[in-house]
Amino acid sequence: MSSRQNNKTLMVVGGLAAAATASLVMWYLTSSSSRAEPEGSTKKPKKLSTDDNGSKSRSAPPITTPTNAAGGVVDDEEQTPVVQNKNRNLKHSSLNQGERTLHARIEELDKKGKALFKNKQFLEAAQTFTDALDLIGEYDDSVGTSGLSRQLITLMNNRSAMYEKANLPELALEDCTSILDLEPNHTKARTRKLRILEALQRWYESLVEICAVQLLFMQANRTNIRMGLPTPPPPVPQSKMEEVLAHVVPEQVQKYSTLLNDNTGSSSSSDGTSKRPLPSDYTILQLLKSYTGYNKWKAQAARDGAVSGMTTVDDEDVSQITDDVAAADRATLLLKRGRRHVYDGSYAAAMADFEAGYQLLQQNKKAGDLMEEDGHARLLEWAGMGRHWQYRLDPAVECYEKAVNLEPNNALLLVKQAGVCMDGSLQKEAMTLFETALDIDPQCADALLHRSNLYMIQGKPDQAKRDLEQCVKLHPNHVMARLRLASILAATQEADKARQQLDAAERVEPNSSEVQSYRGELHFTQGEMEQARVQFEKAMKLEPNNPTPYVNAAMAILNTPPSPGSNMQIDAKSAMELLERALSVDPQFMAAYVQLGQLKLGTATQLVEARQVIELYDRALENCRTTEDLKELCSMRILAVAQVEAATMLKMETFNLQ
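Nothing here was measured: the structure is a model prediction, and the numbers come from that model.

Participant: Provide a residue-level description of the overall build of the protein, including the pertinent values.
Facilitator: In terms of regular secondary structure, the protein is built from 29 helices and zero strands. Scored against the burial criterion, the 658 residues of the protein give a buried share of 54%. Partitioning the intrachain contacts of the protein with sequence separation of at least 6 by distance along the chain shows that 66% fall at a separation of at least 24. Looking at the protein as shown, the accessible area adds up to about 29700 Å², and 49% of this sits on carbon and sulfur atoms.

Structure, rendered in C-alpha cells:
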C-alpha cells in the first residue's frame, strides 16, 4: 500500500542543539550541523531520511586502537606508577610503618609488572599485578573506602590490559567490570571493555557501552551542549554506532516480523480474519482516490442503493449455500453490498462482505461464471484490495492473479498487484507488473502514478518525474499526480514549477487538505517556516483526520530558530502535542512515532521519561505494517533501551545537563 507517509523526500526533522539534552539520538541528529556553525548563519532545514539511496558506508575502525612501541598497549595507565612520584614523600609521611611497607611492596611489584610488559611477557605481568592486588586484599577487605582504592583500580586496569594482550578477553572483561563497579566513569576501562566486546561480536553489549561512552562525553561537554556552542567530535563516530546497530537489529526485526505475520495472517490465516487493525479511514480513502476508476465505482455503488435494501432475511452463513445459482446470486449481493459499504466509509463491513463472497466462490467453483456481467472479476478485485488493507499480502496477490486470469488485458489489476509487491519489498516483481500494465495500455495513468512512487523508493527521482509529467499530460485534472510532481520539483529546488503544479491542483480541488499540506512543504523547503506553519494549519482545518500536516507542522516548529530572549529553547512541547494529535487520528502513522520518540528521548530529563519512550516504540511496533518501518522502529527502540541501560549502569537518575 503506497501511502504518503513513506514518501521521505519531504518529511523533515529538526534538532534540539540548545535544549540541554542527553539523548544520543538527538545528539547524532544535531552534532554534525551544530558543531561548528558560525553565529547568525542560516541553515537549511533537515530532512527525515532513513535511506541513503543504497550507498554503503565503510566499516568503522575499532573504537580505540592499541598503539604503543612496547607492543600495542591500549592506554598509558600501565606506564603510570601505582604510587605517583609527585608528593610521594608527603604521602608516605602520613602512613604508619605497616602501610609504608605495603606501599613499597606494591610499588615494587608494579615496576616488575611493567618490566615484564615491556618484554611482552603479558601473562607473567598479569600475575605480578595479581600478587599486588592480593596484598591489598589481605591488608583491607573494605578497600573501597580506604586510601588503597586508587591503587586497586590502577592495578586491575593494568592487569586487564595484560589479559587483553595475552588474548584472554573474558578475564580482561571481568577486571573491566570490577573497575566500573567501583568507578563507573573510568574511561580507559570502559573503552577497553567496549573494544573487547566488539572483538567478541557481543553486539548488544557493545551498543550499551557505546551509549555509556557517549553519555559520559555529553556530561563532560554539558555546558557547550546546553548553550549550543561548538563541541569536540564525539568519541564514538556515528558510523560505528550504525555498524553495531546493523548487527543488533536483524534479530529484533525477525522477532517482530514473525509477530507481524502472525497478526496479519499473511501466510497462515484460513478464515480471512486478521488481528491487525485496518489503516485509518483517511489512508484507505486516499488509496482509493489514487486510482482513476474511483468515480466510476462510486457511481455504480450509488445506483445500487443503500445497504439496508440489500440485507435479506436469509442472510445466513454462506457455507450453507451449495447450489451454484444461489451461490452466484449471493456473491453478487455481497459484491454490491460490500461496494456500498466502501462508498459509506464502512471499510470493515465491506471487507467482511468481500471475503464472504470470495469464500462462497471457492466453495462453488461454477458460481463465478453465473454472476452478473463482470461481477466475478470485480469481487476478486475488491477482495484483493480488502486483504491488502489488512496487510495480508500473499492472499491479496492470490485474488489479483485470479482476477487477471479472467481479465488478462486489465492493466489496473496489474497495477494493484504491483502495489502489494511494493509493500512486500518485492520491487523487481512490482516493476515487471508496471511494465506489463504499460505494455497493455501505454497511457495507463495508474501505472505511471504508482510506478513513480516505486522510482522514488529506489532513489530515482528523474524517472519518477518523467512518469508524473506523462500522467499529468494524459490527465490534466489528476490532483495526486500534480502533488507528487510538485514534491519532486520542490526537492530539486524548482520552486516556481512546483508552485504551478500546486496552483493547478488547487483549481481542481480548492478545499483539499493535501494541497495545503504540500504548499506548506514547499515553504518548508525554502526555509520559510512561518508560512509553512500557516499552510499546515489550513490543511488541519480542512481535514482534521489527515495526519501529515500535524507531523510537518511539528517539524516546522523544530526548525524555527528560537526567538531572542527565549534561552535558546525550541518549543518542543508544542511539537510533541502536534505529533500526539497525528497519532490520535492515525495510530499507524509511523513518521509520527519516529519523530515523537526522538523528541521525547531528546527532552527526557529523568530515566522514567526515557522508559516511556520505549513504551511508545512498543506501541508503534504493534501498529507497524511494513518491513521498512519495522527496521527503523527496531533500530530506534534498541538504541533507546541501550541508552537507558547505559544510564542505569552509570548510576544516572537524570539526563538533565543543567
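Back to the write-up after that little detour.
Participant: Explain the packing of helix 17 (residues 411-423) against helix 19 (residues 445-457) to me, and be specific about the residues and the numbers.
Facilitator: With their axes 9 Å apart at the nearest point, helix 17 and helix 19 run at an angle of 20 degrees to one another. The pairing of helix 17 with helix 19 is recorded here as roughly parallel in orientation. At the point where helix 17 passes helix 19, the crossing takes the left-handed sense. Where helix 17 abuts helix 19, its residues Leu412, Val415 and Met422 lie against Asp446, Ala447, His450, Asn453, Leu454 and Ile457.

Participant: Account for unusual backbone geometry, with residues named and values stated.
Facilitator: The phi dihedral of Tyr391 is positive, around 65 degrees, even though this residue is not glycine. Summarising the element assignment, Tyr391 is placed in the loop between helix 15 (375-389) and helix 16 (393-406). By relative accessible area, Tyr391 is classed as buried at 5%. Located in the positive-phi region is Gln493, a residue other than glycine, with phi close to 60 degrees.

Participant: Describe the environment of Gln151, listing the residues and the values that go with them.
Facilitator: Looking at the element boundaries, Gln151 is found in helix 5 (residues 149-165). Placed 45 residues apart in sequence, Gln151 and Ile106 show a C-alpha to C-alpha distance of 8.7 Å.

Participant: Describe the nonpolar core, listing the residues and the values that go with them.
Facilitator: Grouped together as the largest cluster of nonpolar side chains are 78 residues, with contacts concentrated most on Leu288, Val342, Phe354, Trp382, Trp389, Val415 and Phe434. Setting aside residues up to four positions removed in sequence, Phe354 forms contacts with Leu334, Leu335, Gly338, Arg339, Val342, Leu379, Trp382 and Ala383. Listed in part, the 71 residues of the second largest apolar core include Met241, Ile570, Val613 and Ala647.

Participant: Break down the environment of Lys165 for me, with residues and values.
Facilitator: Mapped onto the elements, Lys165 comes out in helix 5. Lys165 gets classed as partly exposed once you look at its relative accessible area, which sits at 27%. Taking the C-alpha atoms as reference points, Lys165 and Lys120, 45 residues apart in sequence, are found 8.7 Å from one another.

Calculation criteria
- Along each chain, residues carry numbers from 1 onward, in the same order as the chain's sequence is written.
- Where totals are concerned, whole chains, interfaces and linings use all residues; where local detail is concerned, this predicted model gives features only for residues with pLDDT of at least 70, and gives and counts side-chain atom pairs only at 80 or more.
- Just so you know, side-chain values use all the structure's heavy atoms and leave hydrogens and water out.
- Under the DSSP-based scheme used, a helix requires at least four consecutive residues in state H or I and a strand at least two consecutive residues in state E, with every element numbered from the N terminus.
- The buried label applies to any residue whose accessible area, calculated with a 1.4 Å probe on protein chains only, is under 20% of its type's maximum; exposed applies above 50%, and partly exposed to all values in between.
- The contact criterion used throughout is that any non-hydrogen atoms of two residues lie within 4.5 Å.
- To be clear on the numbers: accessible area is Shrake-Rupley with a 1.4 Å probe, and residue cover counts the displayed protein chains and nothing else.
- The convention used is that axes are lines fitted to C-alpha atoms, helices contributing only their stretch in contact, and that angles between N-to-C directions extend from 0 to 180 degrees.
- Note on angle classes: values under 35 degrees are labelled roughly parallel, values over 145 roughly antiparallel, values of 65 to 115 roughly perpendicular, and the remainder oblique.
- Each crossing gets its hand from how the near helix is turned against the far one by less than a right angle, where anticlockwise is left-handed and clockwise is right-handed.
- Here, the term nonpolar core denotes a set of buried Ala, Val, Leu, Ile, Met, Phe, Trp, Tyr and Cys residues that are joined through side-chain atoms within 4.5 Å.

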